Amino acid sequence: MNDTAASPRPASSSSLIDWSDDLSVGIQEIDDQHQFLVDLLNKLHRAIHQRQGKAAAQAILVELVDYTKIHFAVEESLMRILGYPSYDDHKEQHDHLIAEIHDLQEKLESGKKSITFELLHFLRIWLTKHIMEEDQQYGPFFLSRGAVATSEKKSIAGRLWSSLFG
Ligand SMILES: [Fe+2]
C-alpha cells in the first residue's frame, strides 16, 4: 500500500499512532470507536516492543479483528439509515480490509509470517488510510443528517453526561 497519500503525524516512540484531529471524521461516536482501534494497535505495538510473545500479540490481533467487524457494522448501519449515496463502495472497502486482515491472521497462524514491525506498519496504514481517505468523506453527510459532532471542548465527564442525559 502507498503510505504517502494519507498518514497521520508521526507517532511518539512509545506508540504506533498518536490520535490527532487529522484522524477525526467529526462525529463523536465514530471518533470514539476509531480511537479504540488506534488504542488496540498501540497495544499490539507495545506487546511487540516488550517481546510479550506470539500468543499475546495474536490475542490482541483477534481483539482488533473482532472490534473492527463491530465498528464496520455500525458504520454500515448508519450509512444505510442515513441514506449515504456511496454505501456500496464503502462496504466494498470494508470487505476488502476484513479480507486483508483475515489473510494476515492465516499467515501468522500457519507460520508463513511473523509479527514484526513491518506488520505493524502495514496495520497502521491499513487503518489510517481508510479513516483519512474513505471515512472522512461521510463526515459532512452524516452531520447534515443529524449525527452528533465531535466536541473538542467537552470534557470526558461532559460527554458522559450528554450520553446519559443529552
Ligand atoms: Fe469505514
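Criteria and thresholds
- The residue numbers shown here count from 1 along each chain, following its written sequence.
- The predicted nature of this model means local features are confined to residues of pLDDT at least 70 and side-chain atom pairs, given and counted, to a pLDDT of 80 or more, with totals for whole chains, interfaces and linings taken over all residues.
- Strands here mean DSSP runs of E at least two residues long; helices mean DSSP runs of H or I at least four residues long; both are numbered from the N terminus.
- Burial in this document is a count-based property: other C-beta atoms within 10 Å of a residue's C-beta are tallied, and the residue is buried at 20 or more, exposed at 12 or fewer, or partly exposed in between, with C-beta positions derived from the backbone.
- Given a helix with a known number of residues, its expected span is that number minus one, times 1.5 Å.
- Contacts are defined on C-beta atoms placed from the backbone: any two residues whose C-beta positions lie within 7 Å are in contact.
- What pLDDT conveys is the predictor's confidence in a given residue, as a value from 0 to 100.
- Here an angle of 0 to 180 degrees is reported between the N-to-C directions of two axes, which are lines fitted to C-alpha atoms, with helices fitted over the stretch in contact.
- Angles below 35 degrees are treated as roughly parallel, those above 145 as roughly antiparallel, those between 65 and 115 as roughly perpendicular, and all remaining angles as oblique.
- Left-handed describes a crossing whose near helix is turned anticlockwise from the far helix by less than a right angle; the clockwise case is right-handed.
- Three classes are used: nonpolar for Ala, Val, Leu, Ile, Met, Phe, Trp, Tyr, Cys and Pro, charged for Asp, Glu, Lys and Arg, and polar for all others, with Gly counted as polar.
- Only buried residues count toward a nonpolar core: Ala, Val, Leu, Ile, Met, Phe, Trp, Tyr and Cys, linked into one set through C-beta atoms within 7 Å.

Enquirer: How do you make sense of the overall build of the chain when you look at a structure like this?
Expert: What the chain contains, in helices and strands, is 5 helices and 0 strands. Listing each helix as α and each strand as β along the chain from the N terminus yields α-α-α-α-α. For the chain, with 166 residues in total, the buried portion stands at 22%.

Enquirer: I'm lost on helix α2 (residues 54-82) in this one. Help?
Expert: Given 3.6 residues per helical turn, the α-helix brings residues three or four places apart onto the same face. The end-to-end C-alpha separation of α2 is 42 Å, in line with the 42 Å expected for 29 residues at 1.5 Å each. Along α2, the residues classified as buried are A57, I60, L61, L64, T68 and E75. In this structure, the buried residues of α2 make contact with α1 (28-49) and α3 (87-109). Where α2 ends, the next residue or the one after it, G83, has phi of about 75 degrees, a positive value.

Enquirer: How should I be thinking about the environment of H102 in this particular structure?
Expert: Here H102 shows up in helix α3. The spacing of H102 and V65 is 37 residues in sequence and 8.0 Å in space, taken between C-alpha atoms.

Enquirer: For this particular structure, what's the right way to read the confidence of the model for the chain?
Expert: As a general rule, the predicted coordinates of low-pLDDT regions are not to be interpreted in detail. Overall, the prediction assigns the chain a mean pLDDT of 85, with 83% of residues at 70 or greater. Across the chain, element-level confidence peaks in α2 with a mean pLDDT of 94 and bottoms out in helix α5 (residues 156-165) with 57. Across residues 1-5 the pLDDT falls below 50, and counting only partners more than four positions away or on other chains, this stretch makes 3 contacts in the model.

Enquirer: Just checking my understanding: could you explain the packing of α1 against α2 for this structure?
Expert: Between α1 and α2, whose axes approach to 10 Å, the crossing angle comes to 170 degrees. In terms of their interaxial angle, α1 and α2 are classed as roughly antiparallel. Relative to α2, α1 is oriented so that their crossing is left-handed. Along the contact surface, α1 presents I30, Q33, F36, L37, L40, K43, L44, A47 and I48, while α2 presents A56, A57, I60, L61, E63, L64, Y67, T68, H71, V74 and E75. A breakdown of the residues in the contact of α1 with α2 according to their chemical character gives 14 nonpolar, 3 polar and 3 charged.

Enquirer: Before we go on, may I ask you to explain α3 in this structure?
Expert: In a regular helix each residue adds 1.5 Å, so 23 residues correspond to 33 Å; α3 covers 33 Å between its end C-alpha atoms and thus fits that length. Positioned one or two residues after α3, G111 has a phi angle of 85 degrees, which is positive.

Enquirer: Help me out: how do you make sense of the nonpolar core in this one?
Expert: As a rule of thumb, nonpolar side chains are buried together in soluble globular proteins. Core analysis: the largest hydrophobic core is formed by 25 residues, its most contacted members being L40, L41, L44, A57 and I60. Elements with a contribution of two residues or more to this core: α1, α2 and α4 (117-144). Counting residues per element, this core draws most heavily on α1, at 8 residues.

Enquirer: Would you explain the packing of α2 against α3 in this entry?
Expert: Packed helix pairs are characterised by how far apart their axes lie and by the angle those axes make with each other. The geometry of α2 relative to α3 is characterised by a closest axis approach of 11 Å and an angle of 170 degrees between their N-to-C directions. By the angle class used here, α2 and α3 are roughly antiparallel. Of α3, the residues touching α2 (which contributes Q58, L61, V65, T68, K69, F72, E76, M79 and R80) are Y87, H90, K91, H94, I98, I101, Q105 and L108.

Enquirer: For this particular structure, what's the right way to read unusual backbone geometry?
Expert: Where the residue is not glycine, phi is negative for most of them; where a peptide bond is considered, it is trans in most cases. Not every positive phi belongs to a glycine, and R51 is a case in point at roughly 50 degrees. Within the secondary structure, R51 is located in the loop between α1 and α2. C-beta crowding within 10 Å serves as the criterion here: with 8 such atoms nearby, R51 is assigned to the exposed category.

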